[in-house]
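Residues per chain are reported as follows:
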2 protein chains.
Amino acid sequence: MEKKKYVYLFSEGNASMRNLLGGKGANLAEMTGLGMPVPQGFTVTTEACAKYYEDGKWINDSIVAEIYEYLEKLEKISGKKFGDPENPLLVSVRSGARASMPGMMDTILNLGLNEEVVEVFAKKTNNPRWAWDCYRRFIQMYSDVVMEVGKKYFEELIDKMKAEKGVSQDVELTAEDLKELANQFKAEYRAKIGKDFPSDPREQLLGAIKAVFRSWDNPRAVYYRRMNDIPSDWGTAVNVQMMVFGNTGDKSGTGVAFTRNPATGEKKLFGEFLMNAQGEDVVAGVRTPQSIDELKKVMPAAYQQFVEISDKLEKHYRDMQDMEFTIEDEKLYMLQTRNGKRTAAAALKIACDLVDEGMITKEEAVMTVDPKQLDALLHPQFDAADLKKAVVIGTGLAASPGAAHGRVVFSTEAALQQVGRGHKVILVRQETSPEDIEGMHHADGILTARGGMTSHAAVVARGMGTCCVAGCSTLKVDEENKVMTIGDKVYHEKDHISLDGSTGMIYDGKLPKREAEIGGDFARLMAWADEFRTLKVRTNADNPHDAGIAVRFGAEGIGLCRTEHMFFQEDRIPAMREMILAKSVQARRDALSKLLPMQRKDFEGIYREMAGFPVTIRFLDPPLHEFLPTKEDEIVDLAKRMGVSVDEIKDTIESLHEFNPMMGHRGCRLAVTYPEIAEMQTRAVIEAAINVSRETGKTVVPEIMIPLVGEEKELQFVKNVVDKTAHIVMDENRMELPYLVGTMIEIPRAALTADELAKDAQFFSFGTNDLSQMTFGFSRDDAGKFLDAYYNKKIYEFDPFAKLDVHGVGRLVSMAAKLGRTTRPDIHLGICGEHGGDPSTVEFCNEIGLDYVSCSPFRVPIARLAAAQAAIKANKKKA
Amino acid sequence: MEKKKYVYLFSEGNASMRNLLGGKGANLAEMTGLGMPVPQGFTVTTEACAKYYEDGKWINDSIVAEIYEYLEKLEKISGKKFGDPENPLLVSVRSGARASMPGMMDTILNLGLNEEVVEVFAKKTNNPRWAWDCYRRFIQMYSDVVMEVGKKYFEELIDKMKAEKGVSQDVELTAEDLKELANQFKAEYRAKIGKDFPSDPREQLLGAIKAVFRSWDNPRAVYYRRMNDIPSDWGTAVNVQMMVFGNTGDKSGTGVAFTRNPATGEKKLFGEFLMNAQGEDVVAGVRTPQSIDELKKVMPAAYQQFVEISDKLEKHYRDMQDMEFTIEDEKLYMLQTRNGKRTAAAALKIACDLVDEGMITKEEAVMTVDPKQLDALLHPQFDAADLKKAVVIGTGLAASPGAAHGRVVFSTEAALQQVGRGHKVILVRQETSPEDIEGMHHADGILTARGGMTSHAAVVARGMGTCCVAGCSTLKVDEENKVMTIGDKVYHEKDHISLDGSTGMIYDGKLPKREAEIGGDFARLMAWADEFRTLKVRTNADNPHDAGIAVRFGAEGIGLCRTEHMFFQEDRIPAMREMILAKSVQARRDALSKLLPMQRKDFEGIYREMAGFPVTIRFLDPPLHEFLPTKEDEIVDLAKRMGVSVDEIKDTIESLHEFNPMMGHRGCRLAVTYPEIAEMQTRAVIEAAINVSRETGKTVVPEIMIPLVGEEKELQFVKNVVDKTAHIVMDENRMELPYLVGTMIEIPRAALTADELAKDAQFFSFGTNDLSQMTFGFSRDDAGKFLDAYYNKKIYEFDPFAKLDVHGVGRLVSMAAKLGRTTRPDIHLGICGEHGGDPSTVEFCNEIGLDYVSCSPFRVPIARLAAAQAAIKANKKKA
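Below or above, wherever it landed, is the structure these notes cover.

The rules behind the values
Residues numbered from 1 in each chain as written. Chains lettered and ligands numbered in written order. Predicted model: local features only at pLDDT ≥ 70, side-chain atom pairs only at ≥ 80, totals over all residues. Heavy atoms only, no water. Buried < 20%, exposed > 50% of the residue type's maximum accessible area, 1.4 Å probe, protein only. Helix = DSSP H or I, 4+ residues; strand = E, 2+ residues; numbered from the N terminus. Pairing = 2+ DSSP bridges. Axes fitted to C-alpha atoms, helices over the stretch in contact; angles between N-to-C directions. Phe/Tyr/Trp six-rings, centres within 6.5 Å; stacked < 30°, edge-to-face > 60°. Lys NZ or Arg CZ within 6 Å of the ring centre and 35° of its normal. Patch = residues over 30% accessible without salt bridge, like charges linked within 9 Å, V, L, I, M, F, W, Y side chains within 5 Å. Areas by Shrake-Rupley, 256 points an atom, 1.4 Å probe, with all protein chains shown as cover. Salt bridge = Lys/Arg side-chain N within 4 Å of Asp/Glu carboxyl O. Lys, Arg positive; Asp, Glu negative; His and termini not counted. Charge placed at Lys NZ, Arg CZ, Asp CG, Glu CD. Parallel < 35°, antiparallel > 145°, perpendicular 65-115°, else oblique. Left-handed = near helix turned anticlockwise from the far one by under 90°. Contact = heavy atoms within 4.5 Å. Nonpolar A, V, L, I, M, F, W, Y, C, P; charged D, E, K, R; others polar.

Glancing now at helix H32 (residues 768–776) of chain A. All names here are of chain A. Taking burial as the measure, the nine residues of H32 include eight buried ones, the bulk of the element. Of all the residues in H32, the buried ones are Thr-768, Asp-770, Leu-771, Ser-772, Gln-773, Met-774, Thr-775 and Phe-776. Backbone geometry just downstream of H32 places Gly-777 in the positive-phi region, at approximately 70 degrees.

Right under this line is the structure:
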């Protein structure tokens, strides 16, 4: 067997080797191949990372030898030597996974410096301040990243030094100051670690590579992976690259740029740079950078070369590029290129433009847009009228579009706490860092005082589709005391503000939001998606309003209309409670007869909105105690209205108590014990269908769905009640009406006996919420207490309630689909859990040949696009 | 296609046609074939019953025609004619299912009488009193059974008549009185039904047949079937048989007898008879009958003939027979024979005796004993010492052996209520009737004032293995006022009494019980069973005491040792609570270190008792809140002891609240979040094993079972903790010890991914309690509220927590077994749910090739016998 190769020079790779070299490494190799000015280096592969974990977090000797071998090759290429004071090779060590995970993992710059090298380096470059700045930065980064000493100790030392010297900015510190700081840093390192700071560059290099491997598993990376469906076994590659310096003086600089505007999609170079800075300074948002257009004036030749390279890269990759560059003493170096992250609006515009420019096909355009991103486009906006009256308290950069409002919070913890209590929050930070990622994910909006359009806050928020206003210069944030001032206004934690991420405006108080406007690019791309997909997309909607939104978003029917939501309304719940408290069948029927006209009216409204599309109506599902009052005054009210004693009401509430309500008296079990409920609901469904059919001249074909079935005879029993009632109603109305009766598959036993259920069910709809709960054996309400430990320990890598567990629950689903078709080859199959709008679940549903997915109205476009992508992928696989 | 035959003359059938003709019909046919004196008749088949239900409870015309055709044949055979006043054919119409369901379904006697016939009949028989008594009985039965008018209306009329006439016994009423009663009955019928009582015998016959078919589905039959695993689709046959009369006068009588004593197994004719009575009088226990031995004196010829027939029948059927006979004017008629129900002790003795008599093989002997019955044998008895001090308050017939104590109740409802609250009850009735069956099933013991050894109470109680004292003449029961007097003592509902069903003694108060003594027949039969079975039998035991009992009952290991039960003990729960309330890992470890020595000691005790048999120890399973106090004073105590505030304790309790605790933070989820618990438990398991191995010189091989696993990585994580700790402990003790790590399969996802789990699990144990709950999607604690409706509506026919749902849950179990073996061909497979002791589940486990079943100590012999029967059946199937 040939020995596996774990290290590649940039000149040995290319863009197709992304899985092995990671995105960054593969693209550096590709750019090298294209003859672009890339500082050379080598990539330690993702397989080496996997091996590191396999071997119990250890880089084995043969890989170490291979790394040193390639280090020597790099020395030859560069003509410099590691640790040679006269001509030292300095390198950066950066992570680079298969999928881009911006800021999630660690980076170390200026590696190769030590006491001896830095002295000579300072002399030779004739720039001792720069040399010592590089060295102290390296010690700081290495201590933090490799040895986990913690940045704050070093920052304290810097602050102390600045105070001693009476200066306020880092740049005001002299070479001597920085040298002294470097010594203090090393002393701090020794105090914390108990050993001297490593001076051997080879030891430094191995430490750094290990640290990058290890950072693949840091909590924020794990969280990011879970959010973005990135498997933990992919691992990260490590890129070891010759350093170039943007911080050698006024002829140097560093920047990032996109070939098109990542917020709007406009075809125009978009980016920022900072003169005399290292790359991290731009991304971190510590200094506010200049627009890329300014570079034209500052350094025209380098600008021109960069524009040409940008063009070439976009054409080469046939997609918008996100690039990093450094200029060292007027010479341009490319440090990275990748397909750029973009807002949903930009994604649509770029996709359409690229098709119009003849660069990509419609099929490819459909594949370039991440379905999840559409969410942002579809989110509500503020109403113009409201904005006129609103109090503007400040403005910042419109970093990520959308409208947001909520309680001000200053930390992830506070965000989680408030969200846990059902409040929306605006996360307010001086600047965000990867540690804030979970808080950002839960926030309705993000507001920062510092940082530009490519700052951490802006990039991450756009990726999430979360509204973000960044770099608001009038904002002062006191995170410690939980107070912010913006202009002359003071806000404490839990005060309300509103953000408009499309304009950068910040408003006092809580502004109402309204629905999104969807542009022409959206419609074009969706039309293309519809050409390719075979899976139908329905919606979960319980009222005419939601049904209407969904139809406008392209829903082709209702997959789940939850009838109980109708009963919770204030004008209905009294009758519902009477029904529950009824002591006889007759009393129950009396109460039900009050609910009948309301329910019929709801259905009529929904049928009208759906204008001929199929409507699946699920019969009453939740346990009855959910409808009963819990507060004393409500109980007293109810007792008065019903003319019974308070104690009697309390007794009934007590008797309805369940130990495990999720597994209790609910779903079709209610219809088995109280068939009169199913009778009333059938009557409402059929009467409404007859009325609307007559009114519109179009036959409404309702689909009645029996929930929580676990056994064929159970379904038979309820179906029998439905059929009998339906025929009575049709006779009464002298009209025949087609209707279907089917069942939800949400109990494991239903899936296991689906061949039998299919005898009576004309359709199945997979209720993957409950099916997941019962198959995993944990309830969604309670799992929060331990799921974090499971994520941290990498036992589960994603939330099984957001993304279908194809591996376990999926086996049941595909088994049930197969069994169902055995009995009834033309059985109609759909999915109506919340998973229905999740792209990876949509792909699975496409694979096992379901007829439709059903999801919330705002996710309909996502599902349409995901269905198209699934169909395209499946066709490719077939071909 | 040949036309299906739905009706058979007795002379057309035989014993092998049981499935088609029902037990009674097949045996009547067999006896006819043997030339025994059987009143002739015909049987409407079980298939006709199925057809009746299929056709929507309707007997179709072609079957009606066939019935009339056979009626004519019977008229020819009997030389009598239906409805002919001069020579009327009178018949009985009786149910007869494939399996005996004594008293569960309906019977009608004297059918064929009407106003005209009875008049002539009275004259011709010269016995008008008898004729009118037959007629009024017929009206009463027919009204009750066929038209559901309700017995009580007729009983009220009889009482009124007796009061008017100043008599106290039915027999004191004259022919004229009875004639008048018949007229009153018919008026009552007209008033209730709105039509005249049918005088056409053919109409009567069809009505009666339909009523018997319908009675297959009456609530008590449904309940009995559920208790006895009789499928509802079997249906019942209907036997239409010429009447013979035991109530024509002093030369007539009727009785029931067994070829051997059904209580002890003694080889001696055992039975009872009543002169001048109809069959129902004996069974109903209204009059106390005479011993069968008396018949020798009363009617020697008939007695002699009966003895000969009995002998012949027992030899023919090669089993103890239960026979009904009637003597009409000195002539003996056989009305029924069947294999007799018997007590467990009798069953064992009869099986051994029949082998010794050379009548059956050991294999056949093993097959004759119903495993469920052994339960009775194995139940506790009163201690002789306690009995000496006990206050005897009365005696009755020792109708069904065993000791019982509990609260006095007078109705099924009260029994269910008290049992629901966790109390044991003694059901006290004047005499029981099939309506009481559910109450009897839930009672610890049954006490009746009337009825003999073959009364309803006695027969049913023996079948159930429930202690019963019948026919206590000093007992007066006032069911209405819920009070009984026995001698001079008065007991109200909820007062305590104790019963000894082996002696017939009734005691005041609640006597303690002790374990059963097991006789030699038991050991012989069990030894034969062990020869045939291949499935091992283990026990569920959490302490040395239970483990010891189980070993004496033949357990071959512990399949489930629940470690949490140990923590609930009074001396341990404080440390457990400290552990739960700990705010740091260290504090948790400190509390755990207090539990370690106690747990280790438990395991040592168990290992010693099991003397080398394997012991499977399940790690902590229940949610932690189960261990916390709920009462204010306990909370205050705990706060004091732990030196924290009451509020802090309450906060913790509150924070541990779960919406669905069954699906919450429990099982291995505890070990994932608090690995130190698993460390302590591993340490206890391994240290104890090392200690006992050294002490006994025999190596203990513990099997550590991780509960509630749903995912491979979860098992890996916990297994890793176990392995690390185990090796530390072994190093500390300088001893290598083999041990296994496996998992419970009790979450559907575990079954679905069993191929993956088997990579890490050396054994699987199917936890069918939880697996059933999650597969059905209902919790055992809550299902009670709706399961009755499910039984009544025949959606479920048995309790899925008592008998494994082979159809649904079983699919998961066999899938998991198969998947597990794919990965690890020698994986050890067992079952440890409560189903492990259920014979039908044992058969299933044998079928899918599990290695063992595990059940509670008292069920071990049942499982051994069931395993033997399963193996014998499987061999027969193979052959």
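A word on the sheet that holds strand E17 (residues 467–470) of chain B. All names here are of chain B. Pairing within the open sheet is mixed, and its eight strands lie in the order E12-E22-E21-E14-E15-E16-E17-E13. Two strands close off the open sheet at either side, each with one partner strand: strand E12 (392–395) and strand E13 (397–400). In this sheet, neighbouring strand axes are inclined to one another by 30 degrees on average, regardless of whether the strands run parallel or antiparallel.

Attention shifts here to the packing of aromatic side chains. Under the defined criterion, the tally for this structure stands at 44 aromatic pairs over all chains. An angle of 65 degrees between the planes, with centres 5.9 Å apart, marks the rings of Phe-786 of chain B and Tyr-790 of chain B as edge-to-face. One end of the pair is Phe-786 of chain B and the other is Tyr-790 of chain B, both in helix H33 (residues 780–792) and four residues apart, which spans about a single turn. In this structure Tyr-790 of chain B comes out as buried when scored by relative accessible area, which is 1%. Ring-pair connections join several aromatic residues into one group, and the members of that group are Phe-776, Phe-778, Phe-786, Tyr-790, Tyr-796 and Phe-801 of chain A. The cationic tip of Lys-794 of chain B hangs over the ring face of Tyr-53 of chain B; the distance from NZ or CZ to the ring centre is 5.1 Å.

This part is about a negative patch on the surface. All names here are of chain B. Residues Asp-647, Glu-648, Asp-651 and Glu-654 make up a contiguous surface patch of negative charge. Along the chain, the position of Asp-647 falls in helix H26 (residues 646–655). According to the relative accessible area criterion, Asp-647 is exposed, its value standing at 53%.

Moving on, we get to the packing of H32 of chain A against helix H34 (residues 809–823) of chain A. Residues and elements named next belong to chain A. The geometry of H32 relative to H34 is characterised by a closest axis approach of 9 Å and an angle of 120 degrees between their N-to-C directions. When the axis of H32 is compared with that of H34, the two are oblique. Classified by chirality, the crossing of H34 by H32 is right-handed. Within the contact between the two elements, H32 uses Leu-771, Ser-772, Thr-775 and Phe-776 and H34 uses Val-809, Leu-812 and Val-813. Here the residues of the contact of H32 with H34 sort into five nonpolar, two polar and no charged.

As a further point, take the pattern of salt bridges. This model, assessed by the stated rule, comprises 117 salt bridges over all chains. The closest approach of N and O atoms between Lys-5 of chain A and Glu-12 of chain A, which form a salt bridge, is 3.1 Å. Arg-749 of chain A is the partner of Asp-805 of chain B in a salt bridge, and the nearest nitrogen-oxygen pair spans 2.6 Å. In this pair, Asp-805 of chain B sits in the loop between H33 and helix H34 (809–823) while Arg-749 of chain A sits in helix H30 (residues 748–752), so the two residues belong to two different chains. For the residue pair Asp-805 of chain B and Arg-749 of chain A, the accessibility class agrees, reading buried in each case.

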